[in-house]
Amino acid sequence: MSPVKTKAKRASSKSVQLKSVSAKSKASAYDPLEPKRVAEILKRLDATYPNPKCALLHKSAWELTVATILSAQCTDVRVNMVTPVLFAKYPTVQDFAALEPEQLEPDIRSTGFFRNKAKSVVGAARKVVSDFGGKVPDTMEELLTLPGVARKTANVVLGSWFGKAIGVVVDTHVYRISRRLELTKSDTPEKIEQDLMRVIPQEKWIEFAHQEIWHGRKLCFARKPNCVECPLENICHAADKTWSTVEIHKNAKP
Ligand code: SF4
């Protein structure tokens with residue numbers, strides 16, 4: 001091999017090395033939690049879903065508690081078909097407290113897991129009546145004493161009814177979208193909530209969860225998200241995007 005060719009080969013291999021080093025350092029420099037990126041996500045969600053409201057129909061803290069219990073493993077649309085009839089039949093928390101769970105089952109059957117849900121709703125009603133004078137309590141600690149109420153339901157009631165940002169609601173949409181957007185790598189709702197509480201400013205906790213829930217309903221579907229229409233597209237690197245103008249991160253899984 002001529003010295004010229006050898007030199008050229010060395011130079012080209014050096015350039016390949018440099019490129020790969022610079023690609024590597026670019027990848028390692030990427031921080032999905034960089035405050036500027038998080039602020040941009042929040043800004044675009046605000047622009048797309050201004051003043052978002054809770055997707056579950058309700059007229060009181062009690063109705064919202066029931067609707068949220070029924071929404072486990074069920075769509076909000078289905079819950080919203082069931083609850084108006086239910087609350088017309090049993091208008092007060094005392095009406096629910098007077099039922100046996102079996103009496104409630106036929107009315108909530110279509111929301112799935114209806115036996116457990118009936119037990120939770122009747123149990124929660126009895127506790128609200130016996131321990132809280134018929135009023136749904138407004139603290140996390142007290143809400144968690146109600147049967148069938150875990151952090152997600154408590155956060156929904158505290159945020160959407162009482163306007164208290166104590167935590168972040170992590171439902172199936174928030175779980176999926178926060179992982180796609182690399183705001184968390186965790187895989188349990190409890191850990192994801194803690195991660196989001198660190199990354200999202202507290203004054204946005206209530207709104208942010210509503211916005212991700214609406215985003216999940218409108219565009220960022222569990223299967224085949226509508227990325228081509230998504231306002232977050234060029235800052236989203238989700239592994240399962242259906243269309244992308246930016247690089248895909250294989251670990252950004254829903
Ligand atoms: S670009 Fe696609 S995957 Fe990413 S947030 Fe938008 S809809 Fe979801």
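Predicted, not measured: the structure shown is a model, and the values here were computed from it.

(A) Geometry of the overall build of the chain. The helix and strand tally for the chain stands at 12 helices and zero strands. Burial statistics for the chain: of 254 residues in total, 35% are counted as buried.

(B) Quick peek at the site of the ligand. Residues in contact with the ligand, as listed here, are Arg180, Leu219, Cys220, Pro225, Asn226, Cys227, Cys230, Leu232, Glu233, Cys236, Ala238 and Lys241. Partitioning the shell around the ligand into residue classes produces eight nonpolar, one polar and three charged.

(C) How the structure looks around unusual backbone geometry. One non-glycine residue, Phe113, adopts positive backbone phi at about 45°. Relative to the assigned elements, Phe113 resides in the loop between α6 (101-108) and α7 (114-132). The phi dihedral of Lys224 is positive, around 55°, even though this residue is not glycine. Mapped onto the secondary structure, Lys224 falls in the segment after α12 (205-218). Lys224 sits in the exposed class, given 9 other C-beta atoms within 10 Å.

(D) View of the nonpolar core. If you look at the biggest cluster of nonpolar residues, it comprises 54 residues, and the most contacted ones within it are Val121, Val157, Val168 and Ala209. By residue number, the principal contributor to this core is helix α3 (residues 61-70), which donates seven residues. Once you skip the residues sitting within four places of it in the chain, Val168 turns out to touch Asn155, Glu193, Leu196, Met197, Ile200, Trp205, Phe208 and Ala209.

(E) Layout of the packing of helix α10 (residues 172-180) against α12. It is the contact of α10 with α12, at a shortest axis distance of 8 Å, that shows an interaxial angle of 90°. Compared by their axis directions, α10 and α12 come out roughly perpendicular. Facing α10, whose interface residues are His173, Val174, Arg176, Ile177 and Ser178, α12 presents Ala209, Glu212, Ile213, His215 and Gly216. Partitioning the contact of α10 with α12 into residue classes produces four nonpolar, four polar and two charged.

(F) Layout of the packing of α3 against α7. Contact geometry for α3 and α7: axes closest at 10 Å, N-to-C directions at 155°. Of the possible angle classes, the one that applies to α3 and α7 is roughly antiparallel. Where α3 crosses over α7, the handedness of that crossing is right-handed. On α7, the residues that touch Trp62, Thr65, Val66, Ile69 and Leu70 of α3 are Lys117, Ser120, Val121, Ala124 and Val128. Its residues assigned to classes, the contact of α3 with α7 shows seven nonpolar, two polar and one charged.

(G) Summary view of the environment of Cys74. Here Cys74 is to be found in the loop between α3 and α4 (76-89). A C-alpha to C-alpha distance of 9.0 Å links Cys74 and Ser110, two positions 36 residues apart in sequence.

(H) Up close: the confidence of the model for the chain. Mean pLDDT for the chain: 91, with 89% of residues reaching 70 or above. In the predicted structure, residues 1-25 sits below a pLDDT of 50 and forms one contact with residues beyond four places in sequence or in another chain.

Calculation rules
- Residues numbered from 1 in each chain as written.
- Predicted model: local features only at pLDDT ≥ 70, side-chain atom pairs only at ≥ 80, totals over all residues.
- Helix = DSSP H or I, 4+ residues; strand = E, 2+ residues; numbered from the N terminus.
- Buried ≥ 20, exposed ≤ 12 C-beta atoms within 10 Å, placed from the backbone.
- Near = placed C-beta within 6 Å.
- Nonpolar A, V, L, I, M, F, W, Y, C, P; charged D, E, K, R; others polar.
- Core = buried A, V, L, I, M, F, W, Y, C linked by C-beta atoms within 7 Å.
- Contact = placed C-beta atoms within 7 Å.
- Axes fitted to C-alpha atoms, helices over the stretch in contact; angles between N-to-C directions.
- Parallel < 35°, antiparallel > 145°, perpendicular 65-115°, else oblique.
- Left-handed = near helix turned anticlockwise from the far one by under 90°.
- pLDDT = per-residue confidence, 0-100.

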